[in-house]
Amino acid sequence: MVRTPGHFKITRDTLRPRIRNFPQHANKTIANVMEEHRRLMQNDAKINAPWKDRTGDARRGLTATRRKEGNTHTLTLFHTVEYGIWLEVRFGGKNAIIEPTIDKFYPVVIRQIAQRLF
């Protein structure tokens, strides 16, 4: 950049290459943040599940996955035992862990993505 009092002239274009590469950078950043939080979310759900274990299968079966299809990223937390739904809805949701864990991690994931991108 050449400067003269009150004026400037851009002699090298650094903006266009960064704009052109932003979608790839954004996808990589989002994937990295979501993978980090996938593990954290899964462990948090297993540790904080409020029900009393009988076999430990439901707690061990709490699983979080991350998927990317095109520009869409998905983070999913779910039960692998058939009766997991009943742990979530029975007794007015007293033993629910899926929704509370997602509610806890959603703002953190969004904030991390924003901080790393901007």
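Residue numbers restart at each chain and count upward from 1, following the sequence in its written direction. Note on the predicted model: pLDDT of at least 70 is required for a residue's local features to be given, and 80 or more for side-chain atom pairs to be given and counted; whole-chain, interface and lining totals, by contrast, use all residues. Working from all heavy atoms in the structure, the side-chain values ignore hydrogens and water.

Undergrad: I keep staring at helix H4 (residues 98-117) and nothing clicks. Help me out?
TA: One full turn of an α-helix is made of 3.6 residues, so residues set three or four places apart face in the same direction. Taking 1.5 Å of rise per residue, 20 residues should cover 28 Å, and H4 covers 28 Å from first to last C-alpha, within 8% of that figure. Bending of H4 peaks at approximately 30 degrees at the position of Phe 105, with proline Pro 107 no more than four residues after it. Note on classification: 1.4 Å probe, protein chains only; a residue is buried when its accessible area is under 20% of the maximum for its type, exposed when over 50%, partly exposed between these limits. Numbering of helices and strands starts at the N terminus; helices are DSSP runs of H or I of at least 4 residues and strands are runs of E of at least 2. What H4 keeps buried is the set Ile 98, Thr 101, Phe 105, Val 109, Ile 113 and Leu 117. Take the number of residues in a helix, subtract one, and multiply by 1.5 Å to get its expected span. Values of bend correspond, residue by residue, to the angle between axes fitted over the seven residues ending at that residue and the seven starting there.

Undergrad: What exactly am I supposed to notice about the confidence of the model for the chain here?
TA: Detail in the predicted coordinates should be disregarded across regions flagged by low pLDDT. Here the chain shows a mean pLDDT of 90. Residues at 70 or above account for 93%. You can read pLDDT as the predictor saying how much it trusts each residue, on a scale of 0 to 100. Mean pLDDT across the secondary structure elements of the chain bottoms out at strand E1 (residues 2-4), with 54, and peaks at helix H2 (residues 57-61), with 97.

Undergrad: Quick question: what am I supposed to make of a nonpolar patch on the surface here?
TA: For patch building, the residue pool is restricted to those with more than 30% relative accessible area and no salt bridge; the joining distance is 9 Å between like charges and 5 Å between nonpolar side chains (Val, Leu, Ile, Met, Phe, Trp, Tyr). Using a 1.4 Å probe, the Shrake-Rupley method yields the accessible areas, and only the shown protein chains count as cover for residues. A carboxyl oxygen of Asp or Glu within 4 Å of a side-chain nitrogen of Lys or Arg is what we treat as a salt bridge. There is a patch of nonpolar side chains on the surface, built from Tyr 83, Ile 85, Trp 86 and Val 89 and spanning about 440 Å² of accessible area. Considering the arrangement of structural elements, one finds Tyr 83 in the loop between strand E4 (72-78) and helix H3 (84-93). When its relative accessible area of 38% is taken as the criterion, Tyr 83 is described as partly exposed.

Undergrad: What's the story with H3 in this structure? I'm lost.
TA: Every buried residue of H3 is accounted for by Gly 84, Leu 87 and Glu 88. The buried residues of H3 occupy an angular sector of 95 degrees when projected down its axis, which confines them to one face. Exposed positions of H3 whose direction lies more than 90 degrees from the buried face are Trp 86 and Arg 90. If you follow the buried residues of H3, they end up packed against H2 and H4. Relevant arc is that of directions from the helix axis to the C-beta atoms, nothing else. Between two residues, a contact is recorded if the distance between any of their heavy atoms is within 4.5 Å.

Undergrad: Looking at this structure, I do not really get the environment of His 7. What am I missing?
TA: Looking at the element boundaries, His 7 is found in strand E2 (residues 7-9). Among the residues examined, His 7 registers a relative accessible area of 57% and is labelled exposed. A sequence separation of 102 residues divides His 7 from Val 109, and the C-alpha atoms of the two residues are 42 Å apart.

Undergrad: Explain the packing of aromatic side chains to me, please; I cannot follow it from the model alone.
TA: Geometrically, a pair of aromatic rings is defined through the distance of the ring centres and the angle of the planes. Two aromatic rings from Phe, Tyr or Trp, using only the six-membered ring of Trp, form a pair when their centres are within 6.5 Å; if the ring planes differ by under 30 degrees the pair is stacked, by over 60 it is edge-to-face, and anything between is tilted. Counted according to the given criterion, the structure contains one aromatic pair. Over the aromatic face of Phe 91 sits the side chain of Lys 94, whose NZ or CZ is 5.7 Å from the ring centroid. By definition, being over a ring means that NZ of Lys or CZ of Arg is both within 6 Å of the ring centre and within 35 degrees of the ring normal.

Undergrad: Help me understand the nonpolar core in this model?
TA: Note on soluble globular proteins: their nonpolar side chains tend to be buried together. One finds Trp 51, Leu 62, Leu 77 and Ile 97 to be the most contacted residues of the largest nonpolar core, which totals 13 residues. Looking at this core, the elements with two or more residues in it are helix H1 (15-48) and H4. Sequence-distant contacts of Leu 77, defined by excluding residues within four places in its chain, comprise Met 41, Gln 42, Ala 45, Thr 63, Ala 64, Ile 98 and Thr 101. Within the second largest apolar cluster, seven residues are counted, among which are Val 33, Val 109, Ile 113 and Leu 117. In plain words, nonpolar cores are sets of buried Ala, Val, Leu, Ile, Met, Phe, Trp, Tyr and Cys residues tied together by side-chain atoms within 4.5 Å.

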